[in-house]
Amino acid sequence: MRPFHVDLGIARAATLEAPSHDGPASWTEFRPTPMTATGETMPAILEANGLTKRYVLGRRMTEALRGVTMSVAAGEFVALMGPSGSGKSTLLQLLGGLDQPTSGSVVFEGRDISHMSDAQATKLRRERTGFVFQAFNLIPLLSVRENIALPFTIAGQNPSRGELKDRVRQVIELVELTGKEDHRPDQLSTGEQQRVAVARALVTRPSVLLADEPTGNLDYTTGGELLQALWRSCDEAGQTVVLVTHDARAAAYADRVLVIGDGRITDEIVLGRRVDHSAAPLISRLAQIGL
Amino acid sequence: MGLNRLAWRMLAARPLRTLLTMVGIGLGVGVLAASLTLGAALDRSVDRTVSDIVGRADLRVSAFLESGLSDAALETVRSTEGVATTAATLEHRTFLSTATGDPQAAVTVLGVDPATYPALHDLTVVSGTGFAASDVQVALISQELARHDGYAVGSQLSILGAGGEQQLRVVGILAGSGGVSGSDRVALVPISVARQAFALAGASRIDIQVAAGVDPATVSARLAQRMAEPYVLSSPADIAAGLRASSASFQGTAALIAAIVLFVGAFLIVNTLSMTVGERAREVGLLRMAGSTRGQVMRFVFAGALVLGVVGSAFGVILGTAFAYALAHTVSAATGVTAIVTGIDPQSALMAGAVGLGITILGAIEPALRAARITPFEALRARFDLPSVRRSRLGWIAAVFVLVGAMALVAWPPAIAGSGAERALAVYAVLLVATLLTPFFLRPLARLLGLPVALLLRLEERLARGSLARDRSRTTLTLGSLVVGLAMVVALGWSAQAARASANAWLQDVIPGDEVVSSIRPIGPDEGVRDALRQLPGVARVTPIGTFDLAYRGYRVDAAAVVGADFLADGRLHAVTGDRDAALRGLDAGGTVIVPAAVAARLGLHVGDTMRVALAAANHVDLRVSAIVERSIPATSGEAVLVSWADATQSLGVAGADAFAVRFTPDATAADRANLDATATQYALEANPVERIQGAVADALARVFGLFDVLAIIAVIVAALGIVNTLTMGVLERIRELGVLRAIGMSRGQAFRMVVVEAAVLGIVGAVLGSVVGLVVGAVMLVLGGGFAPVVGVPWLPIEIAVVLGLGLPILASIYPSRMAARVSIVEALQFE
Ligand SMILES: Nc1ncnc2c1ncn2[C@@H]1O[C@H](COP(=O)(O)OP(=O)(O)OP(=O)(O)O)[C@@H](O)[C@H]1O
Ligand SMILES: [Mg+2]
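Scoring rules and cut-offs
Residues numbered from 1 in each chain as written. Chains lettered and ligands numbered in written order. Predicted model: local features only at pLDDT ≥ 70, side-chain atom pairs only at ≥ 80, totals over all residues. Heavy atoms only, no water. Phe/Tyr/Trp six-rings, centres within 6.5 Å; stacked < 30°, edge-to-face > 60°. Buried < 20%, exposed > 50% of the residue type's maximum accessible area, 1.4 Å probe, protein only. Lys NZ or Arg CZ within 6 Å of the ring centre and 35° of its normal. Near = heavy atom within 4 Å. Polar contact = N/O pair within 3.5 Å; in protein donor to acceptor, adjacent residues only side chain to side chain. Helix = DSSP H or I, 4+ residues; strand = E, 2+ residues; numbered from the N terminus. Pairing = 2+ DSSP bridges. Domains from an automatic or database assignment. Contact = heavy atoms within 4.5 Å. Buried area = accessible area lost by both parts, 1.4 Å probe. Salt bridge = Lys/Arg side-chain N within 4 Å of Asp/Glu carboxyl O. Nonpolar A, V, L, I, M, F, W, Y, C, P; charged D, E, K, R; others polar. Axes fitted to C-alpha atoms, helices over the stretch in contact; angles between N-to-C directions.

Moving on: the packing of aromatic side chains. Across all of its chains, the model carries 1 aromatic pair over all chains by this definition. Seen from their ring centres, Phe131(A) and Phe133(A) are 5.6 Å apart, and the 5° between their planes marks the pair as stacked. What makes Phe133(A) buried here is its relative accessible area of 6%. Over the aromatic face of Trp506(B) sits the side chain of Arg631(B), whose NZ or CZ is 4.1 Å from the ring centroid.

Structure below.
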């Protein structure tokens, strides 16, 4: 039994029973979340401590985050859910070093990244993180292969040779786009475009992949394919994934779901690693907490 | 929301773009206003000069000899059929006696016929009276003389004459300079008084009014038959034409450049309005959804254009004043025709402003039509770029520019309408076609010329090239304007080079020596100067040249006495008709003349014709035209006809040589040359190597073309303003892309360089196309200007300048947009849709 409660300053702290590792799965078959050889939960790769973020627009001030503390373990698949405007995207951007918090800190691989210089942040984005956004991820004039290899090109490496070439090929296989390498983004369906974005985010083997509603514009089936690809990278290659989503069916791929409301983490739902990604249990949990 | 408010907001939303566009229009209007103001000033100056010179006379017969026209000659003129009124004038410069005036400053005394002079010349009397028929010993003086020396009506004027002082009474003061050109200290006296005072007969000149219905040309032909004395005939039309001709090509080129700057400015306007419509497509869609009509939408685009046009044109008129001063200064220095610019000429300002506004409105047509086609549904589309709305159609743009060309023709200075307009039209057509062809060259050229950049900045180059390919018509207009500006730099540079080369080739072709030793006084053959120079070491040949002028059928013709054998031996001169060798060999014996082609055309002479040169005392000498040569020795007002020393000294009154052409032996040393210079100095001569003479010619040309270069560079600057706009627009459109790129690890430096590289690729392509188009335009200008000769080499220097400008200015223009790209906030860019 691993009791755990969510956050500290939450209005409605929810303490949930985590599914036991040894007992039979109550609602579905699941596999344990990643553990070290000694059976410990993997150490946190990404931590947020008391994060706040304020946007000032003219005389109006928005408090997008009001004190978020959370952590993501290496190899974990975490979903962030919450209503529109609750601060999901803001949190994801801070976690990936795209923006700086008003207060609090983000510790990534043991390093505080919340007040880095732009050069340091660029290096971090190049080497340690991968991003997928809801739409318009791709550079229209570049082919699929060029888009995927873009992080290497940006870093000044030649992606058409040796190991990098293999890596590009591998991620193309992973997202099942073999044969479309030379297409332009506008020759692809929206789902395929998003898979290209995932491949590009994965090609550098980042420590964390951060995805902001990558299935937001996709229908059920194509969204499923994308999530499968994400899940495979996590499950097979140990890729850490943080996924922002509105959709419980997408969140159901995660090991753990953090629910955000009004700039705070209000709930945590542990689903564990499951081969079948049925959303039913998550939906019922969400229903319990009134979402 | 009011549509006008929307028009205003769309300009205010992009203040930089609006400002740059206004500056661009302003520069175009400014150059045009200046060119028109210059034209008006030149016209005024020519008219004033002509009326000062000949008044209302149809013809003027002037004395060729210093002794003036004899009474017999005056009588011949008066009795010539077709002559109605004549006014003989005796002009003499003298001084005033100390008692009554300033003895230091000369006075021009004009002896006029009180009865007929006022009929042909305006005499504006500001105080006192004019001449009365019975008056003697009276004078009318110019205002300037009265003011300077303190005379009033009734004053005594004491002039120095042949037999002492002459006392005259001032009866009237004439406005300004008294209607006499060339002097403002003028005293008009009855001609009888002048003759007596200076002990002269006849007159300096006689002005003629022909009888009604008689062609002045007929009268001049009759005069040529009847006049035995040497004389020079001129007519107001000839004088005006001569004055205009000397400034016409200058004015024509200035007008051409004005048209080009406006052409480039029009690109800027179309591009700006296109971008604005593209950006505002969504708002326009919403307006349409809310019930706005197409007409209203179009009106709002035109309202925006109007604001740009009015403010830009107003700015241009102010700029034009400054340009006009610079132009007037240069034209006066370069051609000797004074153009007085006291500010912008209101009519020119109005015309330039109207053209500026007209072009702006024309440029708005295509974007306005495109805005009107926006459907309400476009408002529902999420994306920022709406390809169908954003892209302008090149066909339309071509039509607009043809209209702009037509407008330029309307504004074309009428004084230079002839060859200038046709040359300008050809140049304009070449530039338009070149612009419309640029999109076809852009891709391959960008790829090829981007290669060296790609070696260093692979990613930036790739993205930059893609960005250029995004919006074909926008890139076309931007690149097109750069190409046009650079092409003008190359074409004008080439013209300058051609002018220099042909001047050099001319000197090389006609001067039989390496050095010209010149004297301010004629050196007679018995002075031994020629022998002294010839005996110096290293000197192969010394040939004397004596320049003078002669009178032929009322023309003053430049002439030079030369040794034909020396020209023959030195290999100078090229015959157009006639046998060069025979003509040169035969020249020294006397009785023949060698005529340069330009003079032969003016005088209507052919090989074998007899040129009857009028001499003093009704004598004459006949010279047979033995050859017509391509070019001859440069003289005061053109090229000289060549005669023998025998004729020159025996019949034509030439006292001696005023120059010696010195040819060195091939093994002459620098010391030999220095020695010649030293010897020349001993004889009070000035030695000038031919290269130095060429250098002086080149300097004079450089002054004129330097100004044209400045104007052409203005066109390139306007193009650079367009590049700022286009690159900025490119960054704004790609802001989301930039956000993504930055999110996956692009550094600020890379984002910055991406835009710089885009500008650089644009610049390299522009420089290459600009140079090629410039060569075509240059060839057109040279062929139509008649200056295309084999001596004209490839204009490497202008091409280098174009490349430097083509690379430098776009990169400079990219600083603002690239900083903008570097400063994009990732988070905001990602939210941007
Ligand atoms: N750049 C910004 N400037 C000002 N306010 C902002 C900015 N970005 C976000 N906000 C505000 O911060 C709050 C949180 O925004 P955020 O985008 O993080 O929400 P979200 O949970 O991702 O919503 P959605 O599900 O709609 O994407 C919102 O109220 C939003 O208006
Ligand atoms: Mg969001």
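On we go from here.
Neighbouring residues of ligand 1: 15 residues in total, closest Ser84(A), Lys88(A), Ser89(A), Thr90(A) and Gln831(B). Neighbouring residues of ligand 1 are not confined to one chain but are distributed across chains A and B. Residue Gly85(A) places a main-chain N or O atom 2.8 Å away from an oxygen atom belonging to ligand 1. A distance of 3.0 Å is found between an oxygen atom of ligand 1 and a backbone nitrogen or oxygen belonging to Gly87(A).

This next bit is on the pairing of strand 13 (residues 555-562) of chain B. All names here are of chain B. Within strand 13, 6 of the 8 residues are buried, leaving the element largely enclosed by the surrounding structure. Where strand 12 (residues 539-552) meets strand 13, 7 bridges bridge the pair, whose relative direction is antiparallel. Note on strand 13: the bridge partner recorded for Leu-550 is Val-557.

Turning our eyes to something else, we now look at the domain arrangement of chain B. Residue and element names in this part refer to chain B. Domain annotation of chain B identifies domain 1 (1-55 + 236-419), domain 2 (59-234), domain 3 (431-509 + 691-833) and domain 4 (510-690). Averaged C-alpha coordinates put domain 3 and domain 4 at centres separated by 50 Å. Facing the 8 residues of domain 3 at the interface are 16 residues of domain 4. Between domain 3 and domain 4 lies a buried interface of about 1,200 Å² when both sides are counted; carbon and sulfur atoms form 49% of it. A per-residue breakdown of the area domain 3 buries against domain 4 is headed by Trp-506, Asp-509 and Arg-692, which together make up 58% of the total. If you look at where domain 3 meets domain 4, you find 0 salt bridges. At the boundary of domain 3 with domain 4, the tally comes to 6 residue pairs in polar contact (both at pLDDT 80 or more). Secondary-structure elements contributing two or more residues to the side of domain 3 that touches domain 4 are helix 16 (472-510) and helix 23 (690-733). When grouped by side-chain class, the residues that make up the side of domain 3 that touches domain 4 number 3 nonpolar, 2 polar and 3 charged.

Residues and elements named next belong to chain A. Read from one edge of the open sheet, 6 strands run 9-10-11-6-12-13, paired in mixed fashion. Two strands close off the open sheet at either side, each with one partner strand: strand 9 (129-132) and strand 13 (264-270). The average angle at which neighbouring strand axes cross in this sheet is 20°, direction not considered. Strands strand 6 (77-81), strand 10 (208-212) and strand 11 (240-245) of the sheet are contacted by helix 6 (residues 220-237), whose axis makes an angle of about 155° with strand 11. Here helix 8 (residues 280-288) sits on the sheet in contact with strand 6, strand 12 (256-261) and strand 13, set at roughly 140° to strand 13.

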